[in-house]
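What follows is each chain in one-letter form.
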Amino acid sequence: MKDIDLATENGSDKTMLILQSLLCVLREKNLLTRADIENLCEKVASAADEAQNALPCCSASALAAASEMGKIGDYIGRRYGGKHRRN
């Protein structure tokens, strides 16, 4: 375990790649539905809402996360399809 260095300059890139891959694997195995991913996108977007954000010091990170989650959701939706959430 000591050979793994996550504190490098691009540590967040490594983490993002792992999380994106994990979402794709879960979707491929039908453990995550498209509706689940849409709900996750909404939760991340609500964290970026400055009016509701409990930690305003993280607003730039929250906006970046919401943007990235939107891209991931769009990609997974195009790649794997599935039913949308019912409103």
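Within each chain, residues carry numbers counting from 1 in the order of the written sequence. In view of the model being predicted, local features appear only for residues whose pLDDT reaches at least 70, and side-chain atom pairs are presented and counted only at 80 or more, with totals across whole chains, interfaces and linings using the full set of residues. Each side-chain value is worked out from all heavy atoms of the structure, with water and hydrogens disregarded.

## What about the nonpolar core?
- We call a set of buried Ala, Val, Leu, Ile, Met, Phe, Trp, Tyr and Cys residues a nonpolar core when their side-chain atoms join them within 4.5 Å. Working definition: with a 1.4 Å probe on protein chains only, accessible area under 20% of the residue-type maximum means buried, over 50% means exposed, and in between means partly exposed. Ranked by size, the top nonpolar core spans eight residues in total: Leu 23, Cys 24, Leu 32, Ile 37, Val 44, Met 69, Ile 72 and Ile 76.
- Under the scheme used here, helices are H or I runs from DSSP no shorter than 4 residues and strands are E runs no shorter than 2 residues, and both carry numbers assigned from the N terminus. Those elements that provide at least two residues to this core are α1 (11-28), α2 (34-48) and α3 (59-80).
- Per-element tally for this core: the top contributor is α3, with three residues.
- Leave out the neighbours within four places in its chain, and Leu 23 touches Leu 32, Leu 40, Met 69, Ile 72 and Ile 76. Here, two residues are considered to be in contact whenever any of their heavy atoms come within 4.5 Å of each other.

## Topic: unusual backbone geometry
- Unusually for a residue other than glycine, Asn 30 sits at a positive phi of about 60°.
- Along the chain, Asn 30 falls in the loop between α1 and α2.

## Focus on α3
- For α3, which comprises 22 residues, the first-to-last C-alpha distance of 31 Å matches the rise-based estimate of 32 Å (1.5 Å per residue) to within 8%.
- Ser 59, Ala 62, Met 69, Ile 72, Gly 73, Ile 76 and Gly 77 are the residues of α3 that are buried. Down the axis, α3 shows its buried residues gathered within 135° of arc, on one side only. Facing away from the buried side of α3, by more than 90 degrees, are the exposed residues Ala 60, Lys 71, Asp 74, Arg 78 and Arg 79.
- Looking one or two residues beyond α3, the residue adopting positive phi is Gly 81, at roughly 65°. Residue count minus one, scaled by 1.5 Å, sets the expected span of a helix. Read the arc as the range of directions from the helix axis to the C-beta atoms.

## Quick look at the side chain of Arg 27
- As for its position among the elements, Arg 27 is in helix α1.
- Asp and Glu are treated as the negative residues and Lys and Arg as the positive ones, with His and the ends of the chain left uncounted. The term salt bridge refers to a side-chain nitrogen of Lys or Arg lying within 4 Å of a carboxyl oxygen of Asp or Glu. There is no salt bridge for the buried Arg 27, and the closest opposite charge comes from Asp 36, which lies 7.7 Å off by N-O distance.

## Here we look at α2
- Relative to the 21 Å expected for 15 residues at 1.5 Å per residue, α2 spans 21 Å between its end C-alpha atoms, a close match to the ideal helical length.
- Within α2, burial applies to Ala 35, Ile 37, Glu 38, Val 44 and Ala 48.

## Topic: the packing of α2 against α3
- Fitting a line to C-alpha atoms yields each axis, with helices limited to the stretch in contact; the angle taken between N-to-C directions then spans 0 to 180 degrees. Two elements in contact, α2 and α3, have axes whose closest approach is 8 Å; the angle formed by their N-to-C orientations is 165°. By the criterion of interaxial angle, the relationship of α2 to α3 is roughly antiparallel. In the packing of α2 onto α3, the handedness of the crossing is left-handed. Here α2 contributes Arg 34, Ile 37, Leu 40, Cys 41, Val 44, Ala 45, Ala 47 and Ala 48 to the contact with α3, which in turn contributes Ala 62, Leu 63, Ala 65, Ala 66, Met 69, Gly 70, Gly 73, Ile 76 and Gly 77.
- Polar here means any residue outside two lists: the nonpolar Ala, Val, Leu, Ile, Met, Phe, Trp, Tyr, Cys and Pro, and the charged Asp, Glu, Lys and Arg; Gly therefore counts as polar. Of the residues that constitute the contact of α2 with α3, the class distribution is 13 nonpolar, three polar and one charged. Any angle between 65 and 115 degrees counts as roughly perpendicular, while under 35 counts as roughly parallel, over 145 as roughly antiparallel, and the rest as oblique. Handedness of a helix crossing follows the sense of rotation of the near helix relative to the far helix, less than a right angle counterclockwise being left-handed and clockwise being right-handed.

Interpretation in functional terms is not warranted from these geometric data alone.
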